[in-house]
Amino acid sequence: MLFEVGKLLVTGNESHTPPNGHTQMKAQIAAKYIQFLSNKKANKNSGFTLIELLVVIIIIGILSAIALPSFLNQAAKARASEARTNVGAVNRAQQAYYLENQQFVEIASGVPTQLGLGTQNTTNYAYKSTLSGTTGVFNYGTPATGNDLKGYVGAVLRTDNTTTISNLCETKLAVAAAATIVPPTLSASGNSGAGTITCDAATTKPLN
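Residues numbered from 1 in each chain as written. Predicted model: local features only at pLDDT ≥ 70, side-chain atom pairs only at ≥ 80, totals over all residues. Heavy atoms only, no water.

Caption draft 1: Layout of the sheet that holds strand 1 (residues 125-132). With respect to topology, five strands assemble into an open sheet ordered 1-2-3-4-7, the strand pairing being antiparallel. Bordering the open sheet on either side are strand 1 and strand 7 (204-206), each of which pairs with just one other strand. Averaged over all neighbouring strand pairs, the angle between strand axes comes to 20°, with direction disregarded. The sheet contact formed by strand 3 (residues 149-158) and strand 4 (residues 164-175) spans nine bridges and is antiparallel. (Pairing = 2+ DSSP bridges. Helix = DSSP H or I, 4+ residues; strand = E, 2+ residues; numbered from the N terminus. Axes fitted to C-alpha atoms, helices over the stretch in contact; angles between N-to-C directions.)

This is the structure:
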């Protein structure tokens, strides 16, 4: 077919014999046209070169290196929100319980059933509540597995017979499973509504 197109361009539809100059020009045009069609057909059937594939692979690798750590960090934050929410809820439940019973409750594993929360240990976190004498209680949310989650400790302090204050502390770094979390310092002044709960500055930060 390509040669027929070239032949048509060379001979044309005219019955008379064209001058030699015209014939040579048509032959050059036909040759260039055939070459153009041949190149177009060859390019149409060709695939990606090795260099093009390598460039694509490199770009994908760079994007993965940037996006993957961010994705993993967001996944850890989502799991950590469980403990942050639960320990905060235990703090508030301990305050309500103390208002009615003038005492706090503790448990070595899980959340005290007396608080009526229905929250227990999960695959991500283990919980417990530990009394601090008769004036306060520490509520822990410790990672149950891995070493990519932060730990949480809440505290409730009695400032007088009916008034309590609370605070929630988060570890500054992710901690290993079942790690010991430094509790905050409780300071009661004896005055109504007065007192402080200070997170350990070296390892934790306050969230309240």
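Now that the structure has been shown, we can carry on.
Caption draft 2: Structural context of the environment of Pro 184. Mapped onto the fold, Pro 184 is located in the loop between strand 4 and strand 5 (185-187). Those residues in contact with Pro 184, other than ones at most four positions away along the chain, are Phe 138, Val 153, Ala 155, Cys 169, Ile 197, Thr 198, Cys 199 and Asp 200. (Contact = heavy atoms within 4.5 Å.)

Caption draft 3: The state of the cysteines, seen in detail. Inspection of every chain in the model, using the stated rule, returns one disulfide. The side chain of Cys 169 participates in a disulfide bridge whose partner is Cys 199; the two sulfur atoms lie 1.9 Å from each other. Across the S-S bond of Cys 169 and Cys 199 the torsion is about -85°, and the bridge reads as left-handed. In this pair, Cys 169 sits in strand 4 while Cys 199 sits in the loop between strand 6 (196-198) and strand 7, placing the two residues 30 residues apart along the sequence. Residues Cys 169 and Cys 199 agree in their burial class; the two are buried. (Disulfide = S-S within 2.5 Å. Buried < 20%, exposed > 50% of the residue type's maximum accessible area, 1.4 Å probe, protein only.)

Caption draft 4: Spatial organisation of the nonpolar core. Judged by nonpolar contacts, the single largest core of 15 residues is most densely connected at Ala 83, Val 87, Val 111, Leu 115, Tyr 125, Tyr 127 and Tyr 152. Every element with two or more residues in this core is listed here: helix 3 (50-101), strand 1 and strand 3. When residues in this core are grouped by element, the largest group, seven residues, is from helix 3. Membership of the second largest hydrophobic core comes to nine residues, among which are Val 153, Leu 157, Cys 169 and Cys 199. (Core = buried A, V, L, I, M, F, W, Y, C linked by side-chain atoms within 4.5 Å.)

Caption draft 5: Expanded view of helix 3. With 52 residues, helix 3 should cover 76 Å at 1.5 Å per step; its first-to-last C-alpha distance of 76 Å lies within 8% of that length. At Ala 67, helix 3 shows its largest kink, close to 25°, and the proline Pro 69 lies no more than four residues downstream. Immediately beyond the C-terminal end of helix 3, within one or two residues, lies Gln 102, with a positive phi of roughly 55°. (Expected span 1.5 Å × (residues − 1). Bend = angle between axes of the 7 residues up to and from the residue.)

Caption draft 6: Molecular detail of the environment of Gln 102. On the secondary structure map, Gln 102 appears in the loop between helix 3 and strand 1. Gln 102 sits 56 residues away from Arg 158 along the chain, and the two C-alpha atoms are 9.3 Å apart. There is a polar contact of 3.1 Å between the side chain of Gln 102 and the backbone oxygen of Leu 99. (Polar contact = N/O pair within 3.5 Å; in protein donor to acceptor, adjacent residues only side chain to side chain.)

Caption draft 7: Structural view of the side chain of Asn 167. In this structure, Asn 167 sits in strand 4. Using a relative accessible area of 10% as the deciding quantity, one classes Asn 167 as buried. Those residues in contact with Asn 167 that lie beyond four places of it in its chain are Asn 91, Val 153, Gly 154, Ala 155, Ile 197, Cys 199, Pro 206, Leu 207 and Asn 208.

Caption draft 8: Unusual backbone geometry, seen in detail. One non-glycine residue with positive phi stands out, namely Gln 102, at about 55°. You can call Gln 102 partly exposed: its relative accessible area is 45%. In this model, Ala 178 sits at a positive phi of 60°, which is unusual for a non-glycine residue. Topologically, Ala 178 is positioned in the loop between strand 4 and strand 5.

Caption draft 9: The arrangement of the packing of aromatic side chains in detail. On inspection of all chains with the given rule, the structure shows four aromatic pairs. An aromatic cluster is built from Tyr 125, Tyr 127 and Tyr 152, whose rings are joined through pairwise contacts. (Phe/Tyr/Trp six-rings, centres within 6.5 Å; stacked < 30°, edge-to-face > 60°.)

Bear in mind that shape data such as this cannot, by itself, settle questions of function.
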